[in-house]
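Here is how the chains run, residue by residue.
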Amino acid sequence: QVRLVESGGGLVQTGGSLRLSCIASGSGFHISYMGWYRQAPGKQRELVGWMPNIDTANYGDFVKGRFTISRDTTKNAVYLQMNSLAPEDTAVYYCNTYVPITDYWGQGTQVTVSS
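Residues numbered from 1 in each chain as written. Predicted model: local features only at pLDDT ≥ 70, side-chain atom pairs only at ≥ 80, totals over all residues. Heavy atoms only, no water.

Draft legend 1. Structural detail: the side chain of Asn96. Turning to its location among the elements, Asn96 is positioned in strand β9 (residues 91–99). A distance of 2.8 Å separates the side chain of Asn96 from the side chain of Tyr33, its partner in a polar contact. A distance of 3.0 Å separates a polar atom in the side chain of Asn96 from a polar atom in the side chain of Asp103. When near neighbours in sequence (up to four residues on either side) are disregarded, Asn96 contacts Leu4, Tyr33, Met34, Gly35, Tyr37, Asp103, Tyr104 and Trp105. (Helix = DSSP H or I, 4+ residues; strand = E, 2+ residues; numbered from the N terminus. Polar contact = N/O pair within 3.5 Å; in protein donor to acceptor, adjacent residues only side chain to side chain. Contact = heavy atoms within 4.5 Å.)

Draft legend 2. Broad picture of the side chain of Asp72. Checked against the element boundaries, Asp72 lands in strand β7 (residues 67–72). It is Lys75 that comes nearest to the buried, bridge-free Asp72 among opposite-charge side chains, at 4.1 Å. Side chain to side chain, Asp72 and Thr74 meet in a polar contact 2.4 Å long. When residues no more than four places from it in sequence are discounted, the contact partners of Asp72 are Ala77 and Tyr79. (Buried < 20%, exposed > 50% of the residue type's maximum accessible area, 1.4 Å probe, protein only. Lys, Arg positive; Asp, Glu negative; His and termini not counted. Salt bridge = Lys/Arg side-chain N within 4 Å of Asp/Glu carboxyl O.)

As structure tokens, this is what we get:
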């Protein structure tokens, strides 16, 4: 069983930055993949960025170089540095991992960008 806990969300002005953190806890697991999703009100959940391993990061098209995802394998952590935030980035951000054969999600952290 894996538990994911996100933190770091909040209210920020347009153009500002936030750093989200997600820590995985539990026992008897090895994590390769970790990623971030987001869901805005009335919209489907969308993939923000993911790391299939510690050496590779991929991003959704809308990121456009503004966000950086990173890992700390010693802490089973994944981070999302978000810069140049815009109101359309307002959403609940979720951490995600997959440990065969189960998909795990955090509880989400709210990010609100004011105009």
